[in-house]
Amino acid sequence: MAERPIKLTIAALGGQGGGVLADWLIEIAEAEGYIAQSTSVPGVAQRTGATIYYLEFFPRTLAEQAGRAPVMALMPVPGDVDCVIASELAEAGRAIQRGLVTPDRTTLIASTHRTYAIAEKSAMGRGAADAEGLTDLVRSQAKRAVLFDMEETAERNHSVISSVLLGALCGAGVLPFRKTNFQETIKKSGIAVATNLAAFEDACQRAQRGDSGFTGKVKSALSQEVPTQARTPVLQPLLERIRRLPAAVQPVVLEGARRTLDYQDPAYADVYLDRVERIAALEARLWADASSYALLQATARSLALWMTFEDTIRVADLKTRGSRFARVQDEIRAEPGQLFGITEFVKPRVEEIAGTMPAGLGTWILGSPRVRRWLANFTAGRQIRTRTLSGFLMLYMLGGLKRWRRGTLRFHEENARIEAWLARMEGLGADNYLVAVELAKAQRLVKGYGETYERGWRNFSTLLEQVDLLAARSDGGTVLARLIEAALADEEGVTLRREISALGAASHPACASECSAQKALMPVSSRPMVS
Amino acid sequence: MAERSFAKEVQTLRLGEGEEFHGEGILAVTKALLQSGVAYVGGYQGAPVSHLMDVLADAQSILEELGVHFEASASEATAAAMLSASINYPLRGAVTWKSTVGTNVASDALANLASSGVKGGALIILGEDYGEGASIMQERTHAFAMKSQMWLLDPRPQLPAITRMVEKAFELSEASNTPVMLMLRIRACHVYGRFFTRNNRKPSFSAADALAAPSRDYSRIILPPSTYAQEKEKIEKRLPAAIRFIAETGLNELIDGERRAETQAIGIVLQGGLYNNTLRAMELLGCADTFGNSSIPLYVLNATYPLVPAEWVQFCSGKRAVLIVEEGQPEFIEQAATQILHQHDLSTRIVGKEVLPRFGEYTVDALRKGIGAFIDQWAAQLAAGSKAAVPARKPAVSAEAAAKLAALVPARPSGLCTGCPERPFFAAMKILQKETGPLHISADIGCHSFATLPPFNMGNSIMGYGLGAAGASAFGTDGGKRAVSIMGDGGFWHNGLTSGIGNAVFNKHDDLTVIIDNGYAAATGGQDIPSSRAANEHRQGNNSIVDAVKGVGVKWVRRTHTYDMQGTLKLLREALSTPFRGPKVIVADGECMLNRQRRVKPLMRKAIKEGQRVVRERFGVDPDTCTGDHSCIRLSGCPSLTVKENPDPLRTDPVAHVDNSCVGCGVCGEVAHAAVLCPSFYRAELVYNPSRWDRFANAVRSAVIGSLQRRSERNRLRYAL
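As the structure is a computational prediction, the values presented were derived from the model and not from experiment.

**Digging into the overall build of chain B**
- The secondary structure content of chain B amounts to 26 helices and 24 strands.
- Counting only C-alpha atoms, chain B reaches 100 × 70 × 60 Å along its principal axes.
- Buried positions account for 56% of the 721 residues belonging to chain B.
- Counted over contacts in chain B with a minimum sequence separation of 6, partners at least 24 positions apart contribute 78%.

**Section: the sheet that holds strand 8 (residues 382–385) of chain A**
- The sheet built from four strands is open, its strands ordered 8(A)-7(A)-24(B)-21(B) with antiparallel pairing. Strands with a single pairing partner mark the edges of an open sheet, and in this sheet they are strand 8 of chain A together with strand 21 (614–621) of chain B. Averaged over neighbouring strand pairs, the angle between their axes works out to 25° when direction is ignored.

**Quick notes on the domain arrangement of chain A**
- Entries for chain A in the domain assignment read domain 1 (6–208) and domain 2 (312–407).
- Using only C-alpha atoms to locate each centre, domain 1 of chain A and domain 2 of chain A end up separated by 47 Å.

**As for the environment of Gly14 of chain A**
- With respect to the element layout, Gly14 of chain A can be found in the loop between strand 1 (6–13) and helix 1 (18–31).
- Sequence separation of Gly14 of chain A and Pro42 of chain A is 28 residues, and the distance between their C-alpha atoms is 8.0 Å.

**Description of the domain arrangement of chain B**
Residue and element names in this part refer to chain B.
- Per the domain assignment, the segments of chain B are domain 1 (9–202 + 215–249), domain 2 (253–389), domain 3 (422–532 + 541–595) and domain 4 (611–711).
- Computed from C-alpha coordinates alone, the two centres of domain 3 and domain 4 are separated by 32 Å.
- Each partner contributes residues to the interface: domain 3 has 14 residues there, and domain 4 has 15 residues.
- Elements supplying a minimum of two residues to the side of domain 3 that touches domain 4: helix 19 (422–436) and helix 22 (565–577).

**Here we look at the nonpolar core**
- With 366 residues, the main nonpolar core has Trp151, Met181, Leu182 and Val671 of chain B as its most contacted residues.
- Tallying contributions element by element places helix 13 (residues 294–307) of chain A first for this core, with nine residues.
- Ignoring any residue separated from it by four or fewer positions in sequence, one finds Met181 of chain B in contact with Ile124, Leu126, Thr141, Ala145, Met150, Trp151, Leu152 and Leu153 of chain B.

**Description of unusual backbone geometry**
Residue and element names in this part refer to chain B.
- In this structure, the amide linkage connecting Ala47 to the following residue, Pro48, adopts the cis form with an omega of 5°.
- By secondary structure assignment, the location of Pro48 is in the loop between strand 2 (40–43) and helix 2 (50–58).
- Following Gln329, the chain continues to Pro330 via a peptide bond in cis, the omega torsion being -5°.
- With respect to the element layout, Pro330 can be found in the loop between strand 13 (321–325) and helix 15 (332–343).
- Although it is not a glycine, Asp345 adopts a positive phi angle of roughly 55°.
- By the secondary structure assignment, Asp345 is in the loop between helix 15 and strand 14 (349–351).
- Positive phi outside glycine occurs at Asn457, with the angle close to 50°.

**A look at the pairing of strand 24 (residues 681–688) of chain B**
- Both strand 7 (residues 340–346) of chain A and strand 24 of chain B contribute to a ladder of five bridges, which runs antiparallel. Bridging across to strand 24 of chain B, Ile342 of chain A finds its partner in Ala684 of chain B.
- In terms of strand pairing, strand 21 of chain B meets strand 24 of chain B through eight bridges, oriented antiparallel. Residue pairing in the sheet places Val615 of chain B in a bridge with Val687 of chain B of strand 24 of chain B.

Reading the values: rules and limits
- Residues numbered from 1 in each chain as written.
- Chains lettered and ligands numbered in written order.
- Predicted model: local features only at pLDDT ≥ 70, side-chain atom pairs only at ≥ 80, totals over all residues.
- Helix = DSSP H or I, 4+ residues; strand = E, 2+ residues; numbered from the N terminus.
- Buried ≥ 20, exposed ≤ 12 C-beta atoms within 10 Å, placed from the backbone.
- Contact = placed C-beta atoms within 7 Å.
- Pairing = 2+ DSSP bridges.
- Axes fitted to C-alpha atoms, helices over the stretch in contact; angles between N-to-C directions.
- Domains from an automatic or database assignment.
- Core = buried A, V, L, I, M, F, W, Y, C linked by C-beta atoms within 7 Å.

What follows is the structure in C-alpha cells.
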C-alpha cells in the first residue's frame, strides 16, 4: 500500500490547552517538511467538556512526486490512529471507548491524573471511577502506553500540561520529527519559554525511561505498624490493651485510640477501648468462626469517627493548630516568608449554640421558642480572620472549651446515640453477623454539619428501624448494604424510600403502604454543628 | 474583547498574489472575501462561525484600508436585512451566522431578499452546526434554500476549494440575481490548511457611491403585484441562470474512476463537504488511494441546490446503481435525484439512506460501513477485490472492553467555567427551590443553558436565543406560583427586550425574569454587546439594561450582584412573593470570569512586579473538618472545586478540595453561608509586597499566635500513643 498519513488524536478537556498543543504540532510538522492538517470541534465542549483535536501529517516530497495533495480526513477513524495523546486518565478511557486506541497500532500517551467529572465529585460518598480498572484497560488496549502524572510534572516545572504532553510525545519517539524542532517551536511561541522547555525536557526523559508502573491503586493511609512502646509511658497500659486485640484490627484501633486521645483525653481513649472490647467480646461469643473480624474492624473505625464528632469545639481546635497554618501555606503556594491571611466562614445555628452549652441549659434554650428567636439574632454568617489576634483568640478559646465538652448538650446526645447503636449490635442473634457488620458500617451516613448532618441522621435512623425486619431475613446483611448505598444515592432520599417500600412490599405485602409511609424516627433535637 | 484574539493571524489577510496562506478555515474565508472585492460584511456570532466574527473584528483596520464596512449585527435578522444593500446596487456583501438557528432568525429578511433578487453578489456564510460538537437541534439548512429559492454551496473542506467557492459564490449570485448560501461544517470551519492567495480587491462600488445616487426599482419591492412577478422570475429566469452558471463554471466535479466495466457500473454522488471523509472511507475499503484517486466514479456536489439535471443524467447513464452520500434528514437530494432520473427514463437505482444512516453525522466509520454495503450489494466483483485488498476489520474495541469502559468512563457534560458569576445565581436558585418547591423555569440560550445540566439540573424548556421570557408567556397570568424565566444579556439585546420583556409588560404578566448580565456574548467567545462595559473604539457600549427594561414599561426592576448570594436570594424571595402584580425583572450582574481574568491578571502581575501591595485571594478546604458529603459541590459544580483522597486514615469518602485553578471568586464562602453548609472552607489572602504595617502586624500576631499554638502542641504531646 502507498504511504499513508500519520494520524494523531488529542483527547483533552476544554481549557486544557489542547489547541495550543495542536498548533505546536502543526509547526513542528511543517518545519520537518510535512503537510499538516488539524481539525477540532470546539463549540460548547470548550466549556469544561471533553473535546478532540485531530491531526494528519504527510511528507511534502511524496505529494510533490505524486503531483497531488493528499486527501486528509477531518476526524479520527476507529482502528486507524497512530498516536493518541490524552491529557487526563478518563479521557484516555473515552478515546479507547471511541475505538481510537487499538493494540495493533496505537501509542497512547496519557496523563494519569484525574480531573473528576461532575457526577464523580458530587456523589454523596465515593463516586470516582475506578482508576485501577481504567489503567488496566488503557494498558491492554494500547500497543504501547506512556503513562505518568503529567499534571504533576507540569506543576513541578511551573509549566502547563501541553508542554509536558509535547515532551512525552517527543520522548515516546512515535513521530519522525527531531527533538530540536520540538524545542524550537516552544521557543518561537515566546511565552514562558524557560519553564515550558524544562517541563518538555522532564517529560521527554520520563517517556524515554519507559513504563512508570502506574497502576491506579489507591493506597490506604492507615499505617499497619503497631509499636510496642507507647510514646508517652503513661499510655503503655492503653497500648497493651490494643495489642491484646486480634492482630488484624490493631492498626485501626490504634488509629481510633489516637484520634479519641487527640479529640479529648486519655480517659476518653479508654472509653473508646472499652467499647471496642465489648464488640470484640460480642464477635468472639456469637461469631467465633468469623475469622476476618469484619465486625470489629468496621466498629472500631466507625466508633472512632462517631466519638470524635465535629462539634464547634473540635472545629475551632483544628482551625487554630499550627500544623493547619502550615498546611494552608503549602496548599495556597505561599512563597517562604510571604504573608497571608486566613478567613473562615462560619454560620452557627441556634442548635449549634445550644449544643455547646451545658446540657440542661441547652435543652432549655431549644425548648423555649422565645430564647431561640432571640439567639437567632446571633446566627448570621460570619467571617473570622484566624490570623488576626481577635479572630484567633476567639477560636482558640472556643477550642479550649474542650475540657468541659463532656457536659455539653451535644456530647450527651451523641453519647446516647452511640450507646443505642452498640446496643442494637449486641441485640442481634447468632445468625445475623452480616447485619451487624453493615450496621457498624452504617455510621458512614452520619456526617457533615447542619442540614447535611440532619439528613444523614434521618437516613441512619430510617435504617435502624429496618434492623429487626432485616434480622429476620436470610439476606439481611446484603439488603442493609444496599440500603446504605441507597441512602447515599440522592439528597432527597427518593432512592432510599423506594428501596424500603419495595422491602416492605416484599416481606409484608399487606402493609406495604403503611411501611413506606412510616415516619422516620427523628430525634427530639439534633445538634449538628454548623457554620 | 473576544476570548480568542486573531490579532497576529489577521496579518495573513494582507498576503498577495501567489503567496501561500497557512491557517484556519475561517480565516481563509475572510481572505477570500477580501479577494472578491466585498464592500460590506456583517453577522452574528455562534459556533462554529464565532471565530469568523472575531477575525473580522480583529481585522477592522485592514478592512478599513480596503474600504470594507463591517458590523457586528444585533441579530441574524439584522445581518440578513443588511444584504438589502445588494438589491439596488452592484455592492458585494457577505454575512455570517450559525445555522440553522441563525437562519431561522434571519429567514424573514432572507425570504424577502430572495424574492426581491440581488444586483450585487450577496453571500451568506453558514456554520452548519450539525453532528459532534453541535450545540443546537439537528436540522438542515438545505430546506431554506429550497423554500426561498436561494442557492446552497457545500464546498470540499479544503482551503483551496473553500476559498474558490467563496469567490464563485459572488459570481453565481450576480449571474442569477439570487443570494447564495455557503455552508461550512464544524470541522471545516476549524480546519488548518493552506492555499495560494490572490491580491485583495477594493470594492469597485461603495456605499458612498450608492448614497450619492440612490437607485429605486419598484419591481424589487416585496409588495404585490411585484411579488408575483418575482416568483415568476425566480423560476423562469434565476433558476435556469444558476443551473447554467454551475454547469458552465464546473462548480461540481465529475471524477471518472477506473475504466473497468465493474467500476463504471456504479457511482457515488456526494456533498462536497463530505469529500474528505468519504475518500478516507473509500481508501479504507481499498477503492481509493491517499491522493483521492478513486476507482469508482464520483460526482462531487459543491453546489447542492439547485441540482444540475444534465450532469446527473450524464453521470448516471449506463450505471446499475448510484449511491448518494447526503448527510442529515430529510434526504432532499435523494428525492430530487430520483425525480430527475425518472423524468429522464433512466433506470439507474438510487441508493442512499437504505445503506447509510438515516440521521446523524456521517462519520468516516459510518461512511465505510454504508459504502461497503453499497459495493457488496451492487458491485459484488469489486467487493471481492476490495475485501482481498483490505483485511476484514474487526471492531476496534471488544465487547468485553466496551462493557467495562461504559461503566468506567464518566460522562463529562459542559459546565460553567471556574469562577463563573452565573454559578452563585444558580446555586441561589437551588436553595430557593428548597424553600418554594420546584418552580417552572423557562431557560434560554447562553452559558446559563448549562444550568440545565448537573449539578443544577434546572430549566424546563429552551425555546431559543433571547426567548426565555417569551417561553414563559403561557404561565404569565395564571396567578399560582410564579414562573421564572432566565435570559442572558446577549439574548436580551438580540430580541429578548421586545419578545420577552415588552411582551410581558403589554400582556400584564405576573412573573419573574432574571437577566444574567455578564457583560459579553460569553458562550460564543466573549464578543462585545451593547451593554458591554469595556472600552471599544469601534462600538458604543455601556448601554444600560435596566434603563432599557424600564423604557419598555417594567415597574419592578431590581439589580443584584450574583456573588452576593444572600442578597440575590432575598430579592428572589421578594419577587416571588410580593403582592405587586406585573412583570418583575432582576438584573443579575457579574462579569464573565474568563474575560475578567484576561483583563485583571496582567494588571495584577504588573502591579506585583512594580512593587505595589497586592492581595490575591483563593479558597481552600480543610481536609480534617470536611466529612466528604460534597453538598458544596452539588451546589456549585465549580471546576476548581473537586475531590481528593481523604488523608484521614479512618475516613473513606474523598474530601472536597480546591485546586490551583481557583480564582478566588468568593462563591465557596457565599455558598457555605447561604446554604448553612460546613465550616471547612477558608479563604486565603496572599499579600504581595507587604507594607510596613503589614509586616509589623504580622510580627505581633505571629508571636502571640505562635506561642499559643506551641503551648497547645505541648499539651497534646503529653499523651501520645
